[in-house]
Amino acid sequence: MSFTGGTPTPASKRRTPVRGLVIAGVGVAVLGVVGVAAWQIFSGADTGADKPEDAVTEVLAAAESQDPIAAIQMMNPTESAGIDKVYEQLHQRLVKAGVASKDGVFEAGAVSFDDVDLRVRELGDDVAMVVVEDGVMNVELKASEFPDALSGVAEGVRRELGDSWTEQVDLGSVSADMREGAGAGLFVMTVKVDGRWHVSPTATAAEYLARDWFGRGGDWSAYDDGEGRDAVTADKPEDALRVLADAARGDDLDGMLDALPAGQGALLRPFVELADRELAEYEAGFDVAITDQQVRAGDEKDGLVRVEVDRLAGELNGQEGGDPYPNTFTLTDACASITAHRPEIDENYTLEGCTPQWLVDSSGISKAFVMVRETDGGWQVDPFATAVAWLGEIVDNFPDSELDSLIEAINAGNTDEWFIDRLG
């Protein structure tokens, strides 16, 4: 693998197609191509890189060597904290199920990069876009190297692609195609945290979407502006959901982001101006109110508290074309009900249902919960920590028998029937 470039370039004002979001995974989520491995961060290990382009280079190098330890060290810690433990447990379970090796290397697949040319566009003191100007991505798949538990999948690969299949992707051509309109080419967003540069999957996805939806990218000067704003916090963990709901208003998106932990709202603040303009054009808006809340907070650990929801009821009041319409919702354990207004016919309709019992039993999640983080002397809902905690519950609790059954279904090509049988 070879890399060149790193020279800052001026901002572009052209448009990118929606498929660019998928192709962006080449630079950020390419690990999914080469398989699942043990994901463990050693205490005291340095994270991030000295320069934006180095963070992207390290992620691509980690993909080549199938070293997710190195990859996660390059990810924004605000977005990736705790994911190492989830993937470590997942890897152990996949090894036991016979679909992953102990060293985490997926022998049947490989990816490599040649002559990759990166250019850096500095968008602020702590944010930069790393653009892939040129290079080649090589992908290889060998049917004979699939694990025995996936012999059926291997046979399908052999029929479609042969015993060994290789493909070359011209990253320069891909990037050039994505420069149409408001596009900036094939890029990855990076942010500086504690003096080190990290890849940000959230900022990357948001920038691609903004360029497609709004015809322009975000105002990244706003990324640093949030540091001077006061955080919106609750006095105790049990009140964090209500505080976040109170802050969720279409006429004050900046205030809503103030109710998220430091570094998380900042990732979306560059797009507030675009969203405000869109809401104004369509005379649209929204506000949220919690009218009934019954929650229970657990013990604090590493600055986080798990808050379980026994019951939550509230209103989501919308506005479109200047006309208001009310919506209400309730959440009780694993059951939810939503009454929504259809302004085109001026009528309400209600949707209600419960999480299938099989999913409750298999995931170990019998009721909704959020993770609340201590910050600035108060408490805030942490969306990233919540997502990681939900994934962790599923990975920890999913029965061995069901995992083995799912792998058998994947091997036989019967995954649709498998899910229908369980979810109905």
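In this report, the structure presented in the accompanying data block is examined. Please read these numbers as outputs of a predicted model, since none were measured by experiment.

The rules behind these values
Numbering of residues begins from 1 in every chain and follows the order in which that chain's sequence is written. Residues qualify for local features only when their pLDDT is at least 70, as the model is predicted, and side-chain atom pairs are given and counted only at 80 or more; totals for whole chains, interfaces and linings, by contrast, use all residues. To get the side-chain values, take all heavy atoms of the structure and skip hydrogens and water. Helix and strand definitions here come from DSSP, where helices need a minimum of 4 consecutive H or I residues and strands a minimum of 2 consecutive E residues; each element is numbered from the N-terminal end. Only heavy atoms matter for contacts: two residues are in contact if any of them lie within 4.5 Å across the pair. The Shrake-Rupley method, run with a 1.4 Å probe, gives the accessible areas here. Residue values count only the displayed protein chains as cover. In this analysis, axes come from line fits to C-alpha atoms, helices being fitted only over the stretch in contact, and the angle between any two N-to-C directions falls in the range 0 to 180 degrees. Throughout this description, any angle smaller than 35 degrees is read as roughly parallel, any larger than 145 degrees as roughly antiparallel, any in the 65 to 115 degree range as roughly perpendicular, and the remainder as oblique. Crossing handedness follows the turn of the near helix against the far one: under a right angle anticlockwise gives a left-handed crossing, and clockwise gives a right-handed one. In this count, Pro and Cys sit with the nonpolar residues alongside Ala, Val, Leu, Ile, Met, Phe, Trp and Tyr, while Asp, Glu, Lys and Arg are called charged and the others, Gly among them, polar. Note on disulfides: each one is a pair of cysteine sulfur atoms within 2.5 Å. Here the term buried applies to any residue with accessible area under 20% of the maximum for its type, exposed to any over 50%, and partly exposed to those in between, with areas from a 1.4 Å probe on protein chains only. Centres within 6.5 Å make a pair out of two Phe, Tyr or Trp rings, where for Trp the six-membered ring is used; the pair is then stacked when the planes are under 30 degrees apart, edge-to-face when over 60, and tilted otherwise. A pocket, in this scheme, is an open set of points on a 1 Å grid over the protein atoms alone with protein on both sides within 12 Å along at least 5 of 7 lines, while a cavity is a set where a 1.4 Å probe fits but cannot get out; residues line either one if an atom lies within 4 Å of a point. Grid points are joined across faces, edges and corners, and a volume is the space filled by probe spheres set on the points. In this analysis, strands are considered paired if DSSP registers two or more bridges between them.

### Section: the overall build of the protein chain
Here's step 1: Summing up its helical and strand segments, the protein chain has 19 helices and 14 strands in all.
Here's step 2: Counted over contacts in the protein chain with a minimum sequence separation of 6, partners at least 24 positions apart contribute 68%.
Here's step 3: By element, 50% of the accessible surface of the protein chain is carried by carbon and sulfur atoms, the whole surface being about 20,900 Å².

### Re the packing of helix 7 (residues 83-97) against helix 18 (residues 400-412)
Here's step 1: Direction vectors running N to C along helix 7 and helix 18 enclose 65°, while the axes themselves pass 10 Å from each other. The angle between the axes of helix 7 and helix 18 places the two elements in the roughly perpendicular class. Here helix 7 and helix 18 pass one another in a crossing that is right-handed. The segment helix 7 lies against helix 18, with Arg-93, Lys-96 and Ala-97 engaging Asp-400, Leu-403, Asp-404 and Ile-407.
Here's step 2: Here the contact of helix 7 with helix 18 is built from residues that sort into 3 nonpolar, no polar and 4 charged.

### Notes on the state of the cysteines
Here's step 1: What the rule picks out here adds up to 1 disulfide.
Here's step 2: Paired by a disulfide, Cys-335 and Cys-354 hold their sulfur atoms 1.9 Å apart. On the sign convention where negative means left-handed, the S-S torsion of about 105° between Cys-335 and Cys-354 marks this disulfide as right-handed. Highlighted residues: Cys-335 in strand 11 (residues 335-342) and Cys-354 in strand 12 (residues 347-354), separated in sequence by 19 residues.
Here's step 3: The partly exposed category is assigned to Cys-335, whose relative accessible area is 31%.
Here's step 4: You can call Cys-354 partly exposed: its relative accessible area is 49%.

### Section: the packing of aromatic side chains
Here's step 1: Applying the stated criterion to the full structure yields 8 aromatic pairs.
Here's step 2: With centroids separated by 5.6 Å and ring planes inclined at 85°, the aromatic side chains of Trp-220 and Phe-271 adopt a geometry described as edge-to-face. Of this pair, Trp-220 sits in the loop between helix 10 (201-213) and helix 11 (222-225) while Phe-271 sits in the loop between helix 14 (265-268) and helix 15 (272-281), and the two are 51 residues apart along the sequence.
Here's step 3: Relative accessible area serves as the criterion here: at 9%, Phe-271 is assigned to the buried category.
Here's step 4: On the basis of an interplanar angle of 85° and a centroid distance of 5.6 Å, the ring pair of Trp-358 and Trp-418 is categorised as edge-to-face. Highlighted residues: Trp-358 in helix 16 (residues 357-363) and Trp-418 in helix 19 (residues 415-423), separated in sequence by 60 residues.
Here's step 5: In this structure Trp-358 comes out as buried when scored by relative accessible area, which is 18%.
Here's step 6: Overall, Trp-418 belongs to the buried group, its relative accessible area being 5%.

### A look at the layout of surface pockets
Here's step 1: In this model, the largest pocket occupies a volume close to 820 Å³.
Here's step 2: Along the wall of the largest pocket there are 29 residues; nearest its centre are Gly-82, Leu-304, Met-371, Val-388 and Ala-389.
Here's step 3: Elements with a contribution of two residues or more to the lining of the largest pocket: helix 6 (77-80), helix 7, strand 8 (304-320), strand 13 (369-375) and helix 17 (383-397).
Here's step 4: Here the lining of the largest pocket takes 8 residues from helix 17, the largest share from any one element.
Here's step 5: Taken together, the residues that form the lining of the largest pocket break down as 12 nonpolar, 6 polar and 11 charged.

### Describing the pairing of strand 8
Here's step 1: Here strand 7 (residues 285-297) pairs with strand 8 via 12 bridges, running antiparallel. By the bridge assignment, Arg-296 is partnered in strand 8 with Glu-308.
Here's step 2: Where strand 7 folds back on strand 8, the antiparallel hairpin that results is connected by 6 residues, among which Asp-302 adopts a positive phi of roughly 55°.
Here's step 3: Bridge analysis of strand 8 against strand 13 gives 5 bridges, and the strand direction is antiparallel. For Leu-304, the partnering residue across the bridge sits in strand 13 and is Arg-373.
Here's step 4: Pairing of strand 8 with strand 10 (residues 328-332) involves 5 bridges; the strand directions are antiparallel. Along strand 10, the bridge assignment pairs Gly-314 with Phe-329.
Here's step 5: Relative to strand 9 (residues 323-325), strand 8 runs antiparallel, the two sharing 3 bridges. The partner of Glu-320 across the bridge, within strand 9, is Asp-323.
Here's step 6: Adjacent in sequence and paired antiparallel, strand 8 and strand 9 are bridged by 2 residues, among which Gly-321 carries a positive phi angle near 60°.

### Structural notes on the packing of helix 7 against helix 17
Here's step 1: Interaxial distance between helix 7 and helix 17 falls to 9 Å at its minimum, and their mutual angle equals 20°. As the angle between them shows, helix 7 and helix 17 are arranged roughly parallel. You can see that helix 7 and helix 17 cross each other, and the crossing is left-handed. Residues Ile-83, Val-86, Gln-89, Leu-90 and Arg-93 of helix 7 lie in contact with helix 17, whose contacting residues are Val-388, Leu-391, Gly-392, Val-395, Asp-396 and Asn-397.
Here's step 2: Residues that form the contact of helix 7 with helix 17 fall into these classes: 6 nonpolar, 3 polar and 2 charged.

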